[in-house]
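These are the residues of each chain, in order.
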Amino acid sequence: MKEILKLKNLKKHFPVKNSWGTDVALVKALDGVDLKIESGKTFGIVGESGCGKTTLMRTLLRLVEPTSGSVILSEEITGNNFSSNNLEDLTSEELRYFRKQIGVVFQDPMGALNPRMLIKDIVSEPLVIHGKADNVRSRVIELLENVGLGEEHLYRYPHEFSGGQRQRIVIARALALDPKILVLDEPTSALDVSVQAQILNLLNDLQKKYDLTYIFISHDLSVIEYMCDRLAVMYLGRVVEEADTDELFSNPQHPYTKALLSATPSFDKNKDKIMILGDVPSPINYLDESKAKLATEITEQEKLEISAIEGKGIDYIVRSSLNEVIPLVQISDGHYARVRQQ
């Protein structure tokens, strides 16, 4: 397996201050993430809102600095020209070169496009910034044609396009500098289902054409199953399970993964459903040990919810049972999960 990126014990903690400006707690958005991204493949990151997916993306792009840990770059990205292969140690010039190697497609295409700029200027902006403005018009037309648009769209504004077309423009801009990696942050969640399929097929075609590596962030498991070669499931800033996609869908080990898979829409009426009971716990960790920690015992709220579904034949897990930190163990070759060993 040829790795293009490696995340090693990556942590990002945001301080919580009181009214006097003193740090009283930490929000552990990322809490020790270890991942290996394989070149030319699609790596999926899935989890509910607030689990740390977007913070992981922002840390990968060095839009925020990690609290500790490292992002290690391969020679495929550095080209043996960098003073270090650690993202946190790059100089401003090296960081500028690194950002040419990685493109980003955001969740909301309208929010990612400047409404006052023409499409020709939006797509050419990365080329101008990085000093590649030679033959810029022909290059922009080539990029638009790669995503199913054309020269007739150059002099239009973003509001003149549909949601799917706007996302195609975002993808064209992300490809402008011939990146090796595309980070896709829920690229289809704001689109209609039929348009989602078109965008996903376009991404697959572009990956084969340009030998791209995708980091695909989503909460939609049906999209993840279609797109990804390997998958990590996140919960409260930690990876709770990681495996090849087929293996994870056929043999989930962590109870949270099982609950997520059971919630995936299906035409199978006999499919087992697993409810997650209780509220999502606060990610805030108080510096004062005497203050509240993540509850690992069943709460009163969870007891009430359990009593409400008793006798109805519904399988369930409770949030508090997920809060205990268990080490990641190997289940089988390439399959890891935070479960107790038998």
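Just above sits the structure.
Below: a short report on this structure. (Residues numbered from 1 in each chain as written. Predicted model: local features only at pLDDT ≥ 70, side-chain atom pairs only at ≥ 80, totals over all residues. Heavy atoms only, no water.)

1. Brief notes about the pairing of strand β9 (residues 238-244)
Part 1 of the argument: With 6 of its 7 residues buried, β9 lies for the most part within the structure.
Part 2 of the argument: Summarising the sheet, strand β8 (residues 230-235) and β9 pair through 6 bridges and their orientation is antiparallel. Looking at β9, one finds that M234 is bridged to V239.
Part 3 of the argument: In this structure, the hairpin formed by β8 and β9 is closed by a connection of 2 residues, where L236 is found at a positive phi of approximately 50°.
Part 4 of the argument: Looking at chain direction, β9 and strand β14 (residues 335-337) are connected through 2 bridges and run antiparallel. Note that in β14 the partner of E241 across the bridge is A337. (Buried < 20%, exposed > 50% of the residue type's maximum accessible area, 1.4 Å probe, protein only. Helix = DSSP H or I, 4+ residues; strand = E, 2+ residues; numbered from the N terminus. Pairing = 2+ DSSP bridges.)

2. Notes on the sheet that holds strand β2 (residues 23-38)
Part 1 of the argument: The 4 strands are arranged β4-β1-β2-β11 in an open sheet whose pairing can be described as antiparallel. The open sheet is flanked by β4 (68-73) and β11 (284-286), the only strands paired with a single partner. The mean inter-strand angle of the sheet, taken between neighbouring strand axes irrespective of direction, is 30°.
Part 2 of the argument: Pairing of strand β1 (residues 3-17) with β2 involves 12 bridges; the strand directions are antiparallel. Note on β2: the bridge partner recorded for H13 is K28.
Part 3 of the argument: Contacts from helix α1 (residues 53-60) reach β1, β2 and β4, with the element oriented near 115° to β1. (Axes fitted to C-alpha atoms, helices over the stretch in contact; angles between N-to-C directions. Contact = heavy atoms within 4.5 Å.)

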